[in-house]
Every structure is written in C-alpha cells, then in structure tokens.
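An overview of the molecular structure
Chain by chain, the residues run as shown.
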Amino acid sequence: MEELTPSQIVAELDKYIVGQQDAKRAVAIALRNRYRRRKLGEELRDEVIPKNILMIGPTGVGKTEIARRLATLARAPFVKVEATKFTEVGYVGRDVDSMVRDLAQHAIRLVETERMAEVEEEAGERAVERILDIMQPQRKRGKSEDRDSAEMFRQTFGSLFGGSAPTSKPDSENGGNDEEDEEEAKGREREKRIREKLRQQILSGALDDRKIEIEVEQNQAPFLQVFSPQGMEEMGMDLQSAFGNMMNRGKKQRSVTVKEARALLAQDEARALVDQDSVVREAVERAEQYGIIFVDEMDKIAGGGGGHGPDVSREGVQRDILPIIEGSTVTTKYGPIRTNHVLFIAAGAFHVSRPSDLIPELQGRLPIRVELESLTEDDFKRILTEPKNALTRQYVALLETEGVKLTFTDDAVNEISRIAARVNRQSENIGARRLHTVLERLLEELSFQAPDLAPKELVVDAAYVREKLDSISKDEDLSRYIL
C-alpha cells in the first residue's frame, strides 16, 4: 500500500471496475492520505482524521466493488453493512455498534491468516511428524535406556539419601547387557530407516489415498444471544478462555486420507504456533488505523421521521450512526476499539431523497461527495471484455471444465450489451447486474447440455444472441419477469 501512488491505485482499480474515474480518484486520495498521516509527527498524527466519502449513484454501477477492491488492495479490515438494518434501540434491527464488532472480527481473521501463512512451512513439517507417529508409533524405551535413567538418578541424588554412587560392574557381568544394547540399537536404526522412507512417501504424495485415524480438536465456540446495555447483540463467547480447563473442548476421532490429514493437522499446528495475544493486539490496531466500513443504502434512512409507519426511525438511525462516524470507543470481545481513524464510505442511489435530507451533523461527517454515472451500452461492452474477472471469461472458464471450448465474437458482445441496455431502459435500471441475468438466460440451454455435447467447440455470435433473447427483450411485459 505504501508504495502505491494515487494514480497507481486507480490503475489497480481499473483492472476490475469500468469507468467511474471520479470515485476511484476520491478513494485513491483517501487511501494515500493514510500513508501520509503515518509519516506525520505524533502530535499532529492524531489530529488528522479521515475524509469520509459519500458515493451517489444507482445500483449496479460499482459503488460496493470500488470499496471492496480498495480494502483488498490495502490489506485492510473491511465490512459492508446496510443502513436499513439499524434502527433506534428498542424498535427493531441491529445495534449500530455491531458494525465495529464485525470489523474487529474481520481484522482478527485477516491477521491470523497472515500469521498462519508465515509459519506454514514449519506447521507442515509438524503435521507430517504427527502422521508418522500415527502410522508408525514410537517403540517403547528399551531396558538399557531404563538402566541408564536409573543410573543417572542414583549418581545425581544418591548422596542426598546417605548412599554413594555405585561403581561400574565388570565387563564380564555386563556381557548380556551389551548384547541387548546392540540389538536395541539395531532396532532403533531399522525404525529410523522405515520412518524416513514413510516420510518421503508422504511428501511425494504416494500415500495420499491411504486412510488413517486422526484426533481433531472441536473448537467451535458456543454462540449465545445476549442483552447488552446498547441493545440485543449476537456474539460468540469463548467459554474455554473464560473458564479455563473447567470446560473440556473435547477431541473427535476422524477417519481421513493422508492428504486430508496433512491439511487438517497443518492448520491445527499453524494455529498452535501463532501467538493469539499478539494477533489480537495487531488486529485491534489495524482495525483502528486502517479499517474501512462501507455503509450502503444511506438514501433509505435520509429524511426526518414522520412519527409513524416505516419512517418512525429514519432520523433515529442517523443519530445512532453519527457518533460512530464522528469517533467513539466501542467495546468488543477483543477490547475497546476507537473509530476516530476508521474510513467510512457511505453510498446510496438517492433517487427519491437527496444527500441534503440527511441530518446536518451527518452531512458534515461525509465531506467528500462523488457522483457515479449510470452505465451505458459502451460501458457494458467494456465490462464484458476488459476486467480481469470479466463475465465472458468466467463463462468460458466454467464450460472449459466440461471440455467445451466457448468463444464469444465481437458482434455477440455488442448484441448482449445492446439488449442489456434496452432492458435497463424499459424496466428497472439495475446497472451491470443486468448482464448477469442476460448472460445466464443466453447460456442456460448450453450450460445444461454441456456434459453431453458432441461438438466441443461452440461460437456465440450475434445471430445466436438474437435467436435466444430478442423475442424476450422486445416484449416489455415478458422481460420484466425473465430479464
């Protein structure tokens, strides 16, 4: 993140999102400002707060995707919430503090995943050792080892009990023991060779399909619903950490293949190698300093409450969200989290209401306003072909798993874009999501028959698109239900 300039951030977002350059520039500047803030002196650093963003635009134009890709780019904790889920406490819905708790949970998962990746190699080695112990249990200690341990004990502690260290017995008396020692040494050497051979077979995958019995820990924490001072909250409580060993988490015996056992045991070992206390500390800091909360459907809570019906808590929701955006401390099960430097990106279509319908205090906390444009037919063409995860590439890859080589011609892409744009004009404008419904309808029969198709190379051209979709898209009533 530190090495990316705003123009480089926009270039990265361009790989996945078509158009909307104003929104991309706004989030790129917000992300770069975080890097700039960290280079400030300690006195000024805490005074610089993020410039939160309000994205205005219809559904399906890329608001959520821009925020999500930005968080991925910055390796920052990210949560998406809908403003309509929050209402005044005591009415219905979730407590607004839950968005911060969700952010903390995501930060924990993010940091834990990174730490586990760092110890992946060592965890893999430990997993192989555990599998070897299951397949070839360690032999019991031999008599000579018992004698050596007893001898060491007598030599070390004999004087404490008034005795003296015994002298060595003559070689003639130890003759039988020497033979036993030699036999044990040979046995240990043989076991070592067998263990090494098994190790090589496990690492090479030769034993992947062999079934073994492993013991895995059941560590699912009980999930409770509790009443907090702020309202009703759902939270997972780790009763094991609360009551220590009074509660046995228990272990479960499972029969799995060696391949599955390596994955399960490696994950188990990686988790054991990671210091959970340091994970929590880093996760809390990352949530506070780099967290991004995307609040969607802000237009649905704009406007004052009418005192009855669904409008009863609109303004109340805004007033509940306000202190979180202004900067407050929220108690989570990982510790208190301050939201002063969390970046908030709010979004809404604002077809009926306007941003000025939000309460003034909330407007002041969303100083950057960005309007996203509706998608045109040309935008649809670019969406179908340019991004790394373009829809046409996804369908080609999906059918390729069935051995079917699918090709979209340029005129087919133009025709799909034309139909999607027309349906958006005739009925509800759902932006790029219309392409999902159009393509799914277009390739429905092909996807159904793909495993049984004889010619494994198929070309989708404009004629094929018109044959499948033209009659539906021209019938306005029919397209409302199908496309």
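So, about the overall build of the chain. Within the chain, the regular secondary structure consists of 20 helices and 13 strands. Taken across its 483 residues, the chain has 40% of its residues classed as buried. Long-range contacts, defined as pairs at least 24 residues apart, comprise 78% of the intrachain contacts of the chain with a sequence gap of at least 6. Of the roughly 27800 Å² that the chain leaves accessible, carbon and sulfur atoms contribute 49%.

What follows is about the pattern of salt bridges. Oppositely charged side chains are able to pair whenever their charged atoms sit close together. Throughout the structure, instances matching the rule amount to 29 salt bridges. Across the pair Glu-114 and Arg-286 runs a salt bridge, and its minimum N-O distance is 3.0 Å. Separated by 172 residues along the polypeptide, Glu-114 in helix 5 (residues 98-118) and Arg-286 in helix 11 (residues 276-290) bring together distant segments of the chain. Judged by relative accessible area, which is 12%, Arg-286 ranks as buried. One connected set of salt bridges, linked through shared partners, spans Glu-122, Arg-126, Arg-130, Asp-268 and Glu-269.

A few words now on the nonpolar core. In this structure, Ile-345, Ile-416, Leu-442 and Val-460 are the most contacted members of the largest nonpolar core, which totals 58 residues. Considering every element that reaches this core, the biggest residue donor is helix 16 (residues 410-426), with seven residues. Once residues lying within four places of it in the same chain are set aside, the contact partners of Val-460 are Leu-406, Thr-407, Phe-408, Thr-409, Ala-412, Leu-442, Leu-443 and Val-465.

The next subject is the packing of helix 16 against helix 17 (residues 433-442). Packing of helix 16 against helix 17 leaves a shortest axis separation of 10 Å and a crossing angle of 125 degrees. Put simply, helix 16 runs oblique to helix 17. In this structure, helix 16 meets helix 17 at a crossing whose hand is right-handed. Note on element contacts: helix 17 touches helix 16 through Arg-434, Leu-435, Val-438, Leu-439 and Leu-442, opposite Ile-416, Ala-420, Val-423 and Asn-424.

The residue Ala-390 is located in the loop between helix 14 (377-385) and helix 15 (391-400) in this model. The spacing of Ala-390 and Ile-17 is 373 residues in sequence and 9.7 Å in space, taken between C-alpha atoms. With sequence-adjacent residues up to four places away left out, Ala-390 is seen in contact with Ile-383, Leu-384 and Thr-385.

With 16 residues, helix 10 (residues 258-273) should cover 22 Å at 1.5 Å per step; its first-to-last C-alpha distance of 22 Å lies within 8% of that length. All buried positions along helix 10 are accounted for by Val-258, Ala-261, Leu-265, Ala-266, Glu-269 and Ala-270. The buried residues of helix 10 occupy one face: seen down the axis, they fall within an arc of 155 degrees.

As a further point, take helix 17. Turning to helix 17, its buried residues are Arg-434, Leu-435, Val-438, Leu-439 and Leu-442. Down the axis of helix 17, the buried set is contained in an arc of 125 degrees. They therefore lie on one face.

A cluster of acidic residues, Glu-42, Glu-43, Asp-46 and Glu-47, forms a negative patch on the protein surface. With respect to the secondary-structure elements, Asp-46 resides in the loop between helix 3 (42-45) and strand 1 (53-56). Here Asp-46 falls in the partly exposed class, since its relative accessible area comes to 48%.

This part takes up the sheet that holds strand 1. Strand order across the open sheet formed by five strands is 2-7-10-1-11, with parallel pairing between neighbours. Each edge of the open sheet is held by one strand with a lone partner, namely strand 2 (78-82) and strand 11 (368-371). Taken pair by pair, the neighbouring strands of this sheet meet at an average axis angle of 20 degrees, ignoring direction. Summarising the sheet, strand 1 and strand 11 pair through four bridges and their orientation is parallel. Paired with Ile-53 across the bridge in strand 11 is Ile-368.

Basis of the calculations
Residues numbered from 1 in each chain as written. Predicted model: local features only at pLDDT ≥ 70, side-chain atom pairs only at ≥ 80, totals over all residues. Heavy atoms only, no water. Helix = DSSP H or I, 4+ residues; strand = E, 2+ residues; numbered from the N terminus. Buried < 20%, exposed > 50% of the residue type's maximum accessible area, 1.4 Å probe, protein only. Contact = heavy atoms within 4.5 Å. Areas by Shrake-Rupley, 256 points an atom, 1.4 Å probe, with all protein chains shown as cover. Salt bridge = Lys/Arg side-chain N within 4 Å of Asp/Glu carboxyl O. Core = buried A, V, L, I, M, F, W, Y, C linked by side-chain atoms within 4.5 Å. Axes fitted to C-alpha atoms, helices over the stretch in contact; angles between N-to-C directions. Parallel < 35°, antiparallel > 145°, perpendicular 65-115°, else oblique. Left-handed = near helix turned anticlockwise from the far one by under 90°. Expected span 1.5 Å × (residues − 1). Arc of directions from axis to C-beta. Patch = residues over 30% accessible without salt bridge, like charges linked within 9 Å, V, L, I, M, F, W, Y side chains within 5 Å. Lys, Arg positive; Asp, Glu negative; His and termini not counted. Charge placed at Lys NZ, Arg CZ, Asp CG, Glu CD. Pairing = 2+ DSSP bridges.

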